[in-house]
Amino acid sequence: MLSSLVVFTIVFLVPRGLAAAVPAPTPEAADWHGVRYCGGVALLALLLYAAALAGVPLHRAAWGIIALAAVGFIVEAGRGAERVPTLSRFLHPLLVFALLVGGLAAWSGGIDYLPHTWDEWANWLGWSRQMIVADRMLSDGMVLSTRGELPGWSLLMSFPGLLLDRWREGDAVPVIFVLHLGCLAVAYDLVRWLARRQLALSEAAATAGAWLWLLALLAAEVTWKLLPTSLLIDEPQVYAVGSVVLLGIAGASPGLGIAGTSPGLDRRRLAVTIGLIAAFAYTLKHAFIVFLPAYGVIAGLLILAEWREGRRSLGRVLAIGAALLLPVAAVRLGWALFGSGGRCFADQLQILRTVAAGAAIFGETPGALMVRILDASAAYLLAWKLPLTVVAGLGLAAALASRRHALAVVALLIYGAAYLFGFFATSLAGCFTEYEVVHLESLTRYIRVPLRVLQLGGCFLLVIVAIDTLSAPGWAVWRRRLGSRPALLAAVVLALPLLAWQTVQVSRSLVENALRVSRAPAEIAHFRRTAALGSALADLMAARGLGHGRVGLIAQGRPGDEKPLVQYTALGRRRGDALARFTVDGQHSWARQSDHFVTVAATEAELRTALLTRDVIFPIVVDDWISGILVPLIRTPGCQGAVTGFFLFRTADRRGFTCVLKPKVQ
């Protein structure tokens, strides 16, 4: 338990130290703890990314970042942290939520994580684990299905293990938490600052209102659970892009740069933070490319807001543009020069050329494919969190009607449309199998990223329009009521049960992360047993001098989850270990005829040849057809009738197999 809590504390504090390098957009730095913290998370990822591209050993880069964070704390102390107002210091979500999650983790015995999906084993967690073992971002011996994808998320998750020289899944949970925390803290800071500046509310009233807004977001799970229960790439994209959207919308609001009841916004300094977070978002996934048109609109809005407020200096325009665009360009250039190819969608220009050619995909015209994608997306939009979508839609409509924020709505809609086009383009370019295209496999998970960002942006615009309305001269009476003691008391009364609900939710997330209680018990038991057998097989192969050998799985008719799971168990856990003690090779399911992409059509002779190329066969699920081919190859008497109870090791003459009893595992 102590180890996981120490990791949690370190991961939480490092972005706070790095935030010393992130400028506050107004002279009152105490108003921007959350925005600067989010910038600190981005800096952590970007520093790791830069070090990885430069070939610096990753554990040295991690300790160097720790040193920089320590310097940051010293710098912040020298700036006069003692002058930070009490409410801003002790009631900020950064501290409250960190204490909530850390306290509940200590009470429940620590933080653990049980990976449970294909992508976690094969992609993000598997890559993070190998980064720690190899002390590098990429190595020829790595087993990766994400080769060519940008490494930001896997690098971030590897950070705790790089410090400790070992991989433990639970150490990655604080990473997703602080990323979510940074996004939430941005939402809090912006609403609190706008309430104080435009409505002239007291610090207490603005703090209570911002807390109520934040807890309402969490209750509706706009950005999902406070402590996420998945380490997939989806939510990190939402948090990074969502933070950029929130800051862009607020920064582009007319009049906020003009001094009034509180210091005006310096958009040059704000652009530095937005640029850092956007660059971080690009390191997460190539899919950031579809956000670039909307990002261009946001950049234009920030410059336009400066122009309308009378700051028509070419130097200011260039400074804002450079701060927004250069970090993103640096990420792209760095990957082009030092990164790795191999993923279909890594070459966006080739995809666009394929789309422009208009060639059919698996017998379907591009037009028909796009219609199917739009139909499926519309059906999902009406089915998934419809009340939240309606509220966000009201925010978008209100922003359009107000005209002050109409272009921000356009930027959000451009992002949603570009994301859908991205799915269409990658489908048409042949990046997916025929089955995946025909059934639009993973479309709902894919479009959930822009949908969550649109919901977050719509809800934020609803609040902004409400603040704009209340700031008009005719609403002075309502402003006084909002700042009154009864209103403050009402906000606290409403916020407390919402905070209590988050306490319950965090407790549930800790249990879910460790035990996967929401999944079918038989399924989780199957995965646990398969993982334990994979580790036992690695030990057996090492004892027989078959380290780095080829293992073939037999899981007839199964989706194939066992393959990345068993490969994951074969990976090293400490710096300097072998990257993989064996390689899971080839197909896992065969049939004379196949109507599904997980099962390959093969003749008996083809299958027999394929099996005999493996050093070890790991039978999990067999049927009568494959048993009829496999059993005659077994040389050990007594195991032919129950092959799933044994590992099958290839004989020296490479013409058959001997049986080794699988150990008893839980």
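Look up: the structure comes first, before these words.
Here the structure is a predicted model, which is why all the values come from computation and not from measurement.

**Let's talk about the packing of helix 11 (residues 267-284) against helix 12 (residues 292-308)**
Thinking step 1. Following both chains from N to C, one finds helix 11 and helix 12 inclined at 175°, their axes separated by 11 Å at the closest point. Here helix 11 is positioned roughly antiparallel relative to helix 12, judged by the angle of their axes. Where helix 11 abuts helix 12, its residues Arg267, Ile274, Gly275 and Ala278 lie against Tyr295, Leu302, Ala305 and Glu306.
Thinking step 2. By residue class, the composition of the contact of helix 11 with helix 12 is five nonpolar, one polar and two charged.

**Here we look at the sheet that holds strand 2 (residues 582-584)**
Thinking step 1. On the basis of which strands lie adjacent, the open sheet formed by five strands has the order 2-1-5-6-7 and mixed pairing. Either end of the sheet is taken by a strand with one partner, and the two such strands are strand 2 and strand 7 (657-661). Direction aside, the axes of adjacent strands within the sheet are offset by 30° on average.
Thinking step 2. Its contacts with the sheet place helix 22 (residues 521-543) against strand 1 (549-555), strand 2, strand 5 (616-621), strand 6 (646-650) and strand 7, and it is angled at close to 165° to strand 5.
Thinking step 3. Of the strands in this sheet, strand 1, strand 2 and strand 5 are in contact with helix 23 (residues 562-569), which crosses strand 2 at around 170°.

**Side note on unusual backbone geometry**
Thinking step 1. For Arg403, which is not glycine, the phi dihedral falls at a positive 70°.
Thinking step 2. Among the residues examined, Arg403 registers a relative accessible area of 73% and is labelled exposed.
Thinking step 3. In this model, His548 sits at a positive phi of 65°, which is unusual for a non-glycine residue.
Thinking step 4. Structurally, His548 is set in the loop between helix 22 and strand 1.

**Re the packing of helix 2 (residues 33-54) against helix 11**
Thinking step 1. At a closest axis distance of 9 Å, the pairing of helix 2 and helix 11 adopts a crossing angle of 45°. Here helix 2 is positioned oblique relative to helix 11, judged by the angle of their axes. As for how helix 2 packs across helix 11, the hand of that crossing is left-handed. For the pair helix 2 and helix 11, contact is made by Val35, Cys38, Gly39, Ala42, Leu43, Ala45, Leu46 and Tyr49 and by Thr273, Leu276, Ile277, Ala279, Phe280 and Thr283, respectively.
Thinking step 2. Here the contact of helix 2 with helix 11 is built from residues that sort into 11 nonpolar, three polar and no charged.

**Focus on a nonpolar patch on the surface**
Thinking step 1. Judged by side-chain polarity, Leu382, Leu386, Val390, Val391, Leu394 and Leu462 come together as a nonpolar surface patch covering roughly 490 Å² of accessible area.
Thinking step 2. If one sorts the elements of the nonpolar patch by residue count, helix 16 (residues 386-402) sits on top with four residues.
Thinking step 3. Looking at the secondary structure, you find Val391 in helix 16.

**Overview of the pairing of strand 6**
Thinking step 1. In terms of residue burial, strand 6 counts as a mostly covered element, since five of its five residues are buried.
Thinking step 2. Of the two faces of strand 6, the one holding Phe646, Leu648 and Arg650 and the one holding Phe647 and Phe649 are both buried throughout.
Thinking step 3. As paired elements, strand 5 and strand 6 share two bridges and run antiparallel to each other. If you follow Val616 over to strand 6, its bridge partner there is Phe649.
Thinking step 4. By the bridge criterion, five bridges tie strand 6 to strand 7 in an arrangement that is antiparallel. Across the sheet, Leu648 pairs through a bridge with Cys659, a residue of strand 7.
Thinking step 5. Where strand 6 folds back onto strand 7 in an antiparallel hairpin, the turn is made up of six residues, including Arg654, whose phi is positive at roughly 65°.

**Describing the pattern of salt bridges**
Thinking step 1. A full pass over the atoms with the stated rule returns 31 salt bridges.
Thinking step 2. In this structure, Arg311 and Glu306 form a salt bridge, with 3.9 Å as the shortest nitrogen-oxygen distance.
Thinking step 3. A salt bridge links Arg404 to Asp468, with the nearest nitrogen and oxygen atoms 3.3 Å apart. Highlighted residues: Arg404 in the loop between helix 16 and helix 17 (406-428) and Asp468 in helix 19 (residues 443-470), separated in sequence by 64 residues.
Thinking step 4. Each of the salt bridges in this network shares a partner with another, and the network as a whole consists of Arg267, Glu306, Glu309, Arg311 and Arg316.

**Focus: the state of the cysteines**
Thinking step 1. Counted under the stated rule, the structure contains one disulfide.
Thinking step 2. The disulfide that involves Cys639 links it to Cys659, with 1.7 Å between the sulfurs. Here Cys639 is found in the loop between helix 25 (624-630) and strand 6, whereas its partner Cys659 is found in strand 7, with 20 residues between them in sequence. For the pair shown, Cys639 and Cys659 are each scored as buried.
Thinking step 3. Cysteine Cys38 is unpaired, with the sulfur of Cys183 as its nearest cysteine sulfur at 6.6 Å.
Thinking step 4. Taking the relative accessible area as the measure of exposure, Cys38 reaches 6% and is therefore buried.
Thinking step 5. Cys459 takes part in no disulfide bond, and the closest cysteine sulfur to it belongs to Cys183, at a distance of 12 Å.

**Some thoughts on the nonpolar core**
Thinking step 1. With 167 residues, the main nonpolar core has Phe97, Trp153, Phe177, Leu226, Phe291, Tyr415 and Phe460 as its most contacted residues.
Thinking step 2. Sequence-distant contacts of Leu226, defined by excluding residues within four places in its chain, comprise Phe97, Leu100, Val101, Phe177, His180, Leu184, Leu218, Gln502 and Val506.
Thinking step 3. Counting 19 residues, the second-largest nonpolar core is a separate cluster that includes Ala602, Ile617, Ile629 and Phe657.

**Let's talk about helix 12**
Thinking step 1. For helix 12, built from 17 residues, the straight-helix expectation of 24 Å at 1.5 Å per residue is met to within 8% by its first-to-last C-alpha distance of 24 Å.
Thinking step 2. When we look at burial in helix 12, the residues that qualify are Ala294, Tyr295, Ile298, Ala299, Leu301, Leu302, Ala305 and Glu306. On an axial view of helix 12, the arc spanned by its buried residues comes to 155°, and they lie on one face.
Thinking step 3. At its buried positions, helix 12 is contacted by helix 10 (234-251), helix 11, helix 13 (314-338) and helix 17.
Thinking step 4. Positive phi appears at Gly310, one or two residues downstream of helix 12, with a value of about 95°.

**Comments concerning the environment of Asp561**
Thinking step 1. With respect to the secondary-structure elements, Asp561 resides in the loop between strand 1 and helix 23.
Thinking step 2. Each C-alpha atom, one on Asp561 and one on Asp119, is 9.3 Å from the other, the two residues being 442 residues apart in sequence.
Thinking step 3. Setting aside anything within four residues of it in sequence, one finds Asp561 in contact with Trp118, Trp121 and Phe527.

**Some points on the side chain of Glu221**
Thinking step 1. Among the structural elements, Glu221 can be located in the loop between helix 9 (203-219) and helix 10.
Thinking step 2. For Glu221, the side chain forms a polar contact with the side chain of Gln505, separated by 3.2 Å.
Thinking step 3. In contact with Glu221, other than residues within four places in its own chain, are Lys385, Arg452 and Gln505.

Rules behind the numbers
- Residues numbered from 1 in each chain as written.
- Predicted model: local features only at pLDDT ≥ 70, side-chain atom pairs only at ≥ 80, totals over all residues.
- Heavy atoms only, no water.
- Axes fitted to C-alpha atoms, helices over the stretch in contact; angles between N-to-C directions.
- Helix = DSSP H or I, 4+ residues; strand = E, 2+ residues; numbered from the N terminus.
- Parallel < 35°, antiparallel > 145°, perpendicular 65-115°, else oblique.
- Contact = heavy atoms within 4.5 Å.
- Nonpolar A, V, L, I, M, F, W, Y, C, P; charged D, E, K, R; others polar.
- Pairing = 2+ DSSP bridges.
- Buried < 20%, exposed > 50% of the residue type's maximum accessible area, 1.4 Å probe, protein only.
- Left-handed = near helix turned anticlockwise from the far one by under 90°.
- Patch = residues over 30% accessible without salt bridge, like charges linked within 9 Å, V, L, I, M, F, W, Y side chains within 5 Å.
- Areas by Shrake-Rupley, 256 points an atom, 1.4 Å probe, with all protein chains shown as cover.
- Salt bridge = Lys/Arg side-chain N within 4 Å of Asp/Glu carboxyl O.
- Disulfide = S-S within 2.5 Å.
- Core = buried A, V, L, I, M, F, W, Y, C linked by side-chain atoms within 4.5 Å.
- Expected span 1.5 Å × (residues − 1).
- Arc of directions from axis to C-beta.
- Polar contact = N/O pair within 3.5 Å; in protein donor to acceptor, adjacent residues only side chain to side chain.

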